[in-house]
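Chain residues, written in single-letter form:
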Amino acid sequence: MAPSVRKLHQHFVGEVSGIDLRKPLTPDEARTIESWMDEYAVLVFHGQDITDEQQLAFANNFGERENRKGGNVTRKEEYRLNSGLADVSNLGKDGKPLPRDNRTHLFNLGNCLWHSDSSFRPIPAKFSLLSARVVNPKGGNTEFADMRAAYDALDAGTKAEIADMICEHSLMYSRGALGMSDFSDEEKAMFKPVLQRLVRIHPVHGRKSLYLSSHAGAIHGMSVPEARLLLRDLTEHATQPEFVYVHKWTLHDLVMWDNRQTVHRVRRYDQSQPRDMRRATVAGTEPTVQQQAAE
Ligand code: OGA
Ligand code: MN
């Protein structure tokens, strides 16, 4: 059966059927999925009971994988997953929910703020692929917003005003918004701000997107309060219900999204119960603005 897609939202999101992610994709299937990603920006696959290795193999169809280094405060010895997937669960190495005051847990709460994955890296992520291995009983929906539709809906004056703006992104800004400020010198060096354009152009179809993220905390040539107010206003605009799709997880869903044209966040959930989500990340291929590569 050839794969097919059904649109789930007026602007974006496709639900794909007729594909088994446990098996290698044919080159034709891989091209089809990639072209649907360009168009729909988020794809939903139901009933995909896959292993970590199968998830990584699926991700490899779309480019190099991103290295997890520098994206969290967890020491390697404490990683629960050693397969290469990013651990987006609330679980520790012992398989139990992390204590409420655990620093990794507090840091992971940053995913509840609207963001684009690894916008804090000089070359930010292309696609993310998230697999639901254990669904939490209460809350934990993931919401996506279409940054192309949000850009298109701006008035001409705002489009002109923001056209060439350059933002600074760092994990210290997103975590700072939640009140975390106890970064070690090593973390401060690791989380050194990087530059990103505020408006980016999709390399395939050429549509413009707002490149927003809770990691953005400053804009070149602007005072910090003015920059933060503008970013806040734009985020409020871009995440109005008409631009948002809410994904309610069922076991073995796999959702993949294009970080170049969407933002996402997870809603609060029951932290006394497990939620096991695992992510493969496909690296981007170029920076959004020329800058010195991270040391
Ligand atoms: C992510 C993320 C949201 C979720 O994996 O990048 O933000 O629902 N996850 O866990
Ligand atoms: Mn994310």
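Residues numbered from 1 in each chain as written. Chains lettered and ligands numbered in written order. Predicted model: local features only at pLDDT ≥ 70, side-chain atom pairs only at ≥ 80, totals over all residues. Heavy atoms only, no water.

**A short note on helix 8 (residues 224–238)**
The end-to-end C-alpha distance of helix 8, which contains 15 residues, comes to 21 Å, matching closely the 21 Å that a straight helix rising 1.5 Å per residue would cover. Regarding helix 8, the residues found buried are A227, L230, L231, L234, H237 and A238. When helix 8 is viewed along its axis, its buried side chains cluster within an angular range of 125° and face the same direction. Helix 8 presents P225, L229, R232, D233 and E236 as exposed residues on the side facing more than 90 degrees away from its buried surface. Summarising the contacts, the buried residues of helix 8 are in contact with strand 6 (142–146), helix 4 (147–152), helix 5 (156–162), strand 7 (166–169), strand 10 (208–210) and strand 11 (216–219). Capping the start of helix 8, S223 holds a side-chain oxygen 3.3 Å from the backbone nitrogen of E226, two or three residues further along. (Helix = DSSP H or I, 4+ residues; strand = E, 2+ residues; numbered from the N terminus. Expected span 1.5 Å × (residues − 1). Buried < 20%, exposed > 50% of the residue type's maximum accessible area, 1.4 Å probe, protein only. Arc of directions from axis to C-beta. Contact = heavy atoms within 4.5 Å. Polar contact = N/O pair within 3.5 Å; in protein donor to acceptor, adjacent residues only side chain to side chain.)

**A few points about the site of ligand 1**
If you check the shell around ligand 1, you find V88, N111, H115, D117, L130, T142, W257, H264, V266, R275 and R279 and nothing else. At 3.1 Å, a side-chain N or O of H264 approaches an oxygen atom of ligand 1. At 2.6 Å, a side-chain N or O of R279 approaches an oxygen atom of ligand 1. Grouping the amino acids of the shell around ligand 1 by side-chain chemistry returns four nonpolar, four polar and three charged. (Near = heavy atom within 4 Å. Nonpolar A, V, L, I, M, F, W, Y, C, P; charged D, E, K, R; others polar.)

**Remarks on the sheet that holds strand 4 (residues 86–87)**
What links the strands of a sheet is backbone hydrogen bonding, and the strands pair in either a parallel or an antiparallel sense. The seven strands are arranged 1-2-3-13-5-15-4 in an open sheet whose pairing can be described as mixed. Taken across any chain shown, the strands that pair with only one partner, and hence form the sheet edges, are strand 1 (4–7) and strand 4. Against the sheet, helix 1 (residues 27–40) engages strand 1, strand 2 (14–17), strand 3 (42–45), strand 5 (125–134) and strand 13 (254–258), with an angle of about 125° to strand 3. (Pairing = 2+ DSSP bridges. Axes fitted to C-alpha atoms, helices over the stretch in contact; angles between N-to-C directions.)

**Focus on the side chain of H169**
With respect to the helices and strands, the residue H169 is situated in strand 7. Residue classification places H169 among the buried residues on the basis of a relative accessible area of 0%. Here the side chain of H169 touches S119 through a polar contact of 2.8 Å, side chain to side chain. Those residues within four positions of H169 in sequence are excluded, and the remaining contacts are S119, F120, K192, P193, V194, Q196, Y211, S213, H215 and A216.

**A look at the coordination of the manganese ion (ligand 2)**
Six octahedral donors around a metal ideally sit at 90 or 180 degrees from one another, while four tetrahedral donors ideally sit at 109.5 degrees. For the manganese ion (ligand 2), the protein coordination sphere consists of H115 (NE2), D117 (OD) and H264 (NE2), at 2.1 to 2.2 Å. Each donor residue of the manganese ion (ligand 2) belongs to the same chain, and together they define the spacing H-x1-D-x146-H. (Donors = N, O, S within 2.8 Å, 3.2 Å for Na, K, Ca; no water.)

**Side note on helix 1**
In a regular helix each residue adds 1.5 Å, so 14 residues correspond to 20 Å; helix 1 covers 20 Å between its end C-alpha atoms and thus fits that length. Those residues of helix 1 not exposed but buried are E29, A30, I33, W36, M37, D38 and Y40. Positioned one or two residues after helix 1, A41 has a phi angle of 70°, which is positive.

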